[in-house]
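Topology and contacts: notes
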Amino acid sequence: MELTSQHFLAMAPLLITSVTIVVVMLAIAWRRNHSQTFLLSCAGLNLALLSILPVLKITPLSVTTLLQVDNFAALYMALILIATLACVTLAHAYLGEGGTGYPGNREELYLLILLAAAGGMVLVCAQQLSALFIGLELLSVPVYGLVAYAYFNKRSLEAGIKYMVLSAAGSAFLLFGMALLYADAGTLSFAGIGTALAATGMPSLLAQLGLSMMLVGLAFKLSLVPFHLWTPDVYEGAPAPVAAFLATASKVAVFAVIVRLFQLSPVASSGVLSTVLSLIAVASIVVGNLLALNQTNLKRLLGYSSIAHFGYLLIALVASKGLAMEAIGVYLVTYVITSLGAFGVITLMSSPYNGRDADALYEYRGLFWRRPYLTAVLTVMMLSLAGIPLTAGFIGKFYVMAAGVESGLWWLVGALVLGSAIGLFYYLRVMVTLYLMEKNLRKHDAPMNWEQRTGGVILLAIAILAFVLGVYPQPLVDLVQHAGISLVG
């Protein structure tokens, strides 16, 4: 096909991100300067984010047979860019300035995050299996380095090796599944696979096996039960901004491509696979919440919590009609905001040059009496994760429950209610810890002027957004409805 100016405009967010990667790489080669690299990365991400506005005027548009840019892709590209921007800003605060900061090279962290973000953007635009695999690998490979970036910490190195080995195994399952699906359908495009499977009435045994193996590979990336065992170890070992990126931008990209695959190939998610997805959803909700109960490490707790949250999201994916698309969009946006806030607090409390991150729960005892505003931010995040009214998390859970009720998935709705009740206990435990009086216990603390720095400003903005969306969610709902209609259309 002949590429026109419209095609290049449609790909502007991805192209600008790619140019930013090259510019940052050349800037590092020319002169190592932490602040310069940070500013270049932020400038590129902001430009890519702004370029989405003109893209909306020409969507939907296919850019070659690999990528489809529509309102759905625009929404999730924006979400990935916002999450990446927040993680980059938190990384700047985390790495520190001058001789007192991170002891190794700091600049490459930004380069790796930008590369992973570009992979995520390819994923959300993918309309073919080959584009899915390219995007997934471009997203995953930089994350291996990011997880092990704190090389002087043995937990970080261990987490990097674990994630690399298990991710490679997940990619192998995904590739094998793609090969089997291609052998049966004779095409790599999502729509073509849907047409081929629908022609036979129901997927053949070969197609079902291929789809199941693909599900294994993608479920690993989303840390769904029973492919979740890597999650707490990797979250604990990874530097706090990297764990934030892994929990938000990385998972949003993978979930978005699954949604597109099942929307363009509805037969792929029907029958036996629908039952399997339902079982995985219930197992993820129950196991994620139960394992989080006894955690004394905040990062591990958030890791198990993320397993449960993507279990909730699977309920809307299984419903796949009516409110389902809207519920997925709203839940992903609220989950990203809340996770960024929670990991942001850990980031500001941590010093990578003083050993491990401040992720032990006892280090947060009495935080209210030392850093009251930071405590308020973490309190709002915990309330939002628990799904308490007047927070963004409540709106997300309400929509998922509404989608489940609309489709008559009563046992899945029951699992959501049960999981939320269990989750309430460990989120409240974190909140209570923040207000307990304890003398001479703290080992880490956020800087006194944390709210005046870029990382602190981003954190306060996230907290305000989580509250505002809980009180007045209509703009978010309108945005997601528009994206959903565009995809279905």
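The rules behind these values
- Residues numbered from 1 in each chain as written.
- Predicted model: local features only at pLDDT ≥ 70, side-chain atom pairs only at ≥ 80, totals over all residues.
- Heavy atoms only, no water.
- UniProt positions renumbered as here; feature names shortened; annotations may be inferred.
- Helix = DSSP H or I, 4+ residues; strand = E, 2+ residues; numbered from the N terminus.
- Rg over C-alpha atoms; globule rule 2.2 N^0.38 Å.
- Buried < 20%, exposed > 50% of the residue type's maximum accessible area, 1.4 Å probe, protein only.
- Contact = heavy atoms within 4.5 Å.
- Areas by Shrake-Rupley, 256 points an atom, 1.4 Å probe, with all protein chains shown as cover.
- Expected span 1.5 Å × (residues − 1).
- Bend = angle between axes of the 7 residues up to and from the residue.
- Core = buried A, V, L, I, M, F, W, Y, C linked by side-chain atoms within 4.5 Å.
- Phe/Tyr/Trp six-rings, centres within 6.5 Å; stacked < 30°, edge-to-face > 60°.
- 1 Å grid on protein atoms, 1.4 Å probe; cavity = no way out; pocket = protein on both sides within 12 Å on 5 of 7 lines; lining within 4 Å.
- Points joined across faces, edges and corners; volume = space filled by probe spheres on them.
- Nonpolar A, V, L, I, M, F, W, Y, C, P; charged D, E, K, R; others polar.
- Axes fitted to C-alpha atoms, helices over the stretch in contact; angles between N-to-C directions.
- Parallel < 35°, antiparallel > 145°, perpendicular 65-115°, else oblique.
- Disulfide = S-S within 2.5 Å.
- Patch = residues over 30% accessible without salt bridge, like charges linked within 9 Å, V, L, I, M, F, W, Y side chains within 5 Å.
- Salt bridge = Lys/Arg side-chain N within 4 Å of Asp/Glu carboxyl O.
- Polar contact = N/O pair within 3.5 Å; in protein donor to acceptor, adjacent residues only side chain to side chain.

As named in an unreviewed UniProt entry, the protein chain is NADH-quinone oxidoreductase subunit N, taken from Pseudomonas quercus. Looking at the protein chain in UniProt, the text filed under Subunit (unreviewed entry) is "NDH-1 is composed of 13 different subunits. Subunits NuoA, H, J, K, L, M, N constitute the membrane sector of the complex." The UniProt entry for the protein chain carries the following text under Catalytic activity (unreviewed entry): "a quinone + NADH + 5 H(+)(in) = a quinol + NAD(+) + 4 H(+)(out)".

As a further point, take the overall build of the protein chain. Assigned secondary structure in the protein chain consists of 21 helices and two strands. Its C-alpha atoms give the protein chain a radius of gyration of 21 Å, within 12% of the compact-globule value 23 Å for 489 residues. The buried share of the protein chain, taken over its 489 residues, is 61%. Contacts in the protein chain between residues at least 24 apart in sequence constitute 79% of all its contacts with a sequence separation of at least 6. Looking at the protein chain as shown, the accessible area adds up to about 18,200 Å², and 70% of this sits on carbon and sulfur atoms.

Over its 25 residues, helix 12 (residues 240-264) extends 36 Å from the first C-alpha to the last, a length consistent with the 36 Å expected when each residue adds 1.5 Å. Where helix 12 bends most, at Leu246, the angle is about 30 degrees. The buried count for helix 12 comes to 23 of 25 residues, which makes it a mostly enclosed element.

Quick look at the nonpolar core now. Nonpolar side chains tend to gather and get buried jointly when the protein is soluble and globular. By size, the foremost hydrophobic cluster in this structure holds 174 residues, and its most contacted members are Tyr76, Phe255, Ile328, Leu332, Tyr364 and Met382. Excluding residues that lie within four positions of it along the chain, Phe255 makes contacts with Leu222, Phe310, Leu313, Leu314, Leu317, Ile328 and Leu332.

Inspection of the secondary structure assignment puts Val88 in helix 5 (residues 71-95). Along the backbone, Val88 and Arg370 are 282 residues apart, and their C-alpha atoms lie at a distance of 26 Å. Setting aside its immediate chain neighbours within four residues, Val88 contacts Phe38, Ser41, Cys42, Leu45, Tyr110 and Ile113.

With that out of the way, let us pick up the packing of aromatic side chains. One pass over the structure, following the stated rule, counts 15 aromatic pairs. Consider the rings of Tyr426 and Tyr427, whose centres lie 4.6 Å apart with planes at 50 degrees: the pair is tilted. For Tyr426, a relative accessible area of 0% corresponds to the buried category. Residue classification places Tyr427 among the buried positions, given a relative accessible area of 2%.

Here the focus is the layout of surface pockets. In this structure, the largest pocket spans a volume of roughly 700 Å³. For the largest pocket, the lining is made up of 27 residues, of which Leu49, Ala78, Leu79, Ile82 and Leu479 are closest to its centre. Elements that contribute at least two residues to the lining of the largest pocket include exactly helix 3 (34-50), helix 4 (52-55), helix 5, helix 15 (324-349), helix 20 (454-471) and helix 21 (474-488). For the lining of the largest pocket, the element with the most residues is helix 5, which contributes eight residues. Of the residues assigned to the lining of the largest pocket, the class counts are 25 nonpolar, two polar and no charged.

So, about the packing of helix 2 (residues 12-30) against helix 3. Running from N to C, helix 2 and helix 3 cross one another at 170 degrees; their axes reach a closest spacing of 8 Å. When the interaxial angle is binned, helix 2 and helix 3 end up roughly antiparallel. Side by side, helix 2 and helix 3 meet where Pro13, Ile16, Thr17, Thr20, Val23, Val24, Ala27, Ile28 and Trp30 of the first sit next to Gln36, Thr37, Leu40, Ser41, Gly44, Leu47 and Ala48 of the second. Tallied by class, the residues present in the contact of helix 2 with helix 3 amount to 10 nonpolar, six polar and no charged.

Before going further, it helps to spend a moment on the environment of Gly396. As for its placement among the helices and strands, Gly396 is situated in helix 18 (residues 392-406). The exposure class of Gly396 is buried, given its relative accessible area of 0%. Along the chain, Gly396 and Val477 lie 81 residues apart, while their C-alpha atoms are 10 Å from each other. In this view, Gly396 contacts Val330, Tyr331 and Thr334; residues no more than four positions away in its chain are not counted.

Taken as a whole, this structure holds zero disulfides when the rule is applied. Distance from the sulfur of Cys125, which forms no disulfide, to the nearest cysteine sulfur (Cys87) is 20 Å. Cys125 sits in the buried class, given a relative accessible area of 1%.

Before going further, it helps to examine a nonpolar patch on the surface. Together, Leu390, Ile464, Phe467, Val468, Val471 and Tyr472 make up a nonpolar patch on the protein surface, roughly 600 Å² of accessible area in all. On the secondary structure map, Val468 appears in helix 20. Exposure remark for Val468: the relative accessible area of 39% places this residue in the partly exposed category.

Further remarks concern the environment of Gly341. Turning to its location among the elements, Gly341 is positioned in helix 15. Classification of Gly341 as buried rests on a relative accessible area of 0%.

As a further point, take unusual backbone geometry. Each neighbour pair has its own omega, and for Val225 with Pro226 the value is 5 degrees, a cis peptide bond. Note that Pro226 resides in the loop between helix 10 (205-221) and helix 11 (231-237). Positioned with a positive phi, Leu390 is a non-glycine residue whose angle comes to about 75 degrees. Along the chain, Leu390 falls in the loop between helix 17 (372-386) and helix 18.

Residue position: Ser223 is located in the loop between helix 10 and helix 11. What makes Ser223 buried here is its relative accessible area of 0%. Of note is the side chain of Ser223, whose polar atom sits 2.6 Å from the side chain of Lys251. Ignoring sequence-local partners within four residues, the contact set of Ser223 consists of His228, Trp230, Thr231, Lys251, Ser306 and Ile307.

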